[in-house]
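Listed below are the residues making up each chain.
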Amino acid sequence: QVQLVESGGGLVETGGSLRLSCAASGSIFRVNVMGWYRQAPGKQRELVATITPSSNTDYADSVKGRFTISRNNAKNTIYLQMNSLKPEDTGVYYCYLRNFGIAGNVYWGQGTQVTVSS
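Thresholds, definitions, all that
Residues numbered from 1 in each chain as written. Predicted model: local features only at pLDDT ≥ 70, side-chain atom pairs only at ≥ 80, totals over all residues. Heavy atoms only, no water. Core = buried A, V, L, I, M, F, W, Y, C linked by side-chain atoms within 4.5 Å. Buried < 20%, exposed > 50% of the residue type's maximum accessible area, 1.4 Å probe, protein only. Helix = DSSP H or I, 4+ residues; strand = E, 2+ residues; numbered from the N terminus. Contact = heavy atoms within 4.5 Å. Pairing = 2+ DSSP bridges. Polar contact = N/O pair within 3.5 Å; in protein donor to acceptor, adjacent residues only side chain to side chain. Axes fitted to C-alpha atoms, helices over the stretch in contact; angles between N-to-C directions.

A. Fine view of the nonpolar core. Ranked by internal contacts, the top residues of the largest apolar core, which has 27 residues, are Leu4, Trp36, Leu80, Met82 and Tyr93. Secondary structure elements with two or more residues in this core: β1 (2-7), β3 (18-26), β4 (32-39), β5 (46-51), β7 (67-72), β8 (77-82), β9 (91-99) and β11 (112-117). The residues touching Tyr93, leaving out its near neighbours within four places in the chain, are Glu6, Leu20, Trp36, Tyr37, Arg38, Val48, Phe67, Leu80, Met82, Gly111, Thr112 and Val114.

B. Examining the pairing of β1 more closely. Only one face of β1 is buried, namely the one carrying Val2, Leu4 and Glu6, since none of Gln3, Val5 and Ser7 on the opposite face is buried. Note that β1 and β3 share six bridges and pair antiparallel. Considered in β3, the bridge of Val5 is made with Ala23.

C. Region of interest: the side chain of Thr90. Tracing the chain through its elements places Thr90 in the loop between β8 and β9. A distance of 2.9 Å separates a polar atom in the side chain of Thr90 from the backbone oxygen of Pro87. A polar contact is formed between the side chain of Thr90 and the backbone nitrogen of Val116, at a distance of 2.9 Å. Residues contacting Thr90, with those up to four places away along its chain left out, are Ala40, Gln113, Val114, Thr115 and Val116.

D. How the structure looks around the sheet that holds β1. Here four strands make up an open sheet; going across it, the order is β1-β3-β8-β7 and the pairing antiparallel. The sheet terminates laterally at β1 and β7, the two strands that pair on one side only. Averaged over neighbouring strand pairs, the angle between their axes works out to 15 degrees when direction is ignored. Summarising the sheet, β3 and β8 pair through six bridges and their orientation is antiparallel. Looking at β8, one finds that Arg19 is bridged to Gln81.

As structure tokens, this is what we get:
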């Protein structure tokens, strides 16, 4: 099992910044990917950004150039630096980890609310 604990959400004005953190613990495979999804009210959960242990990253087009995902493998922690926030960035942000391999699985954090006021 893997546990994911998120922190760093909150309320910010348009154009502001927030930094999310997600600490993972438990059975983390060597080959894995971690990342962030978000879900706005009435919408489906969508991918925001992902990162591998070697720091290969991928971003949704809507956040490219504004968000930066990073990773500290020694701490099994990922971060999401969000700059130039827009009201459409509002939602619950979920951390996730996917283990690749035999008995691999996907794990989710409890979510952290990000609200961007206009």
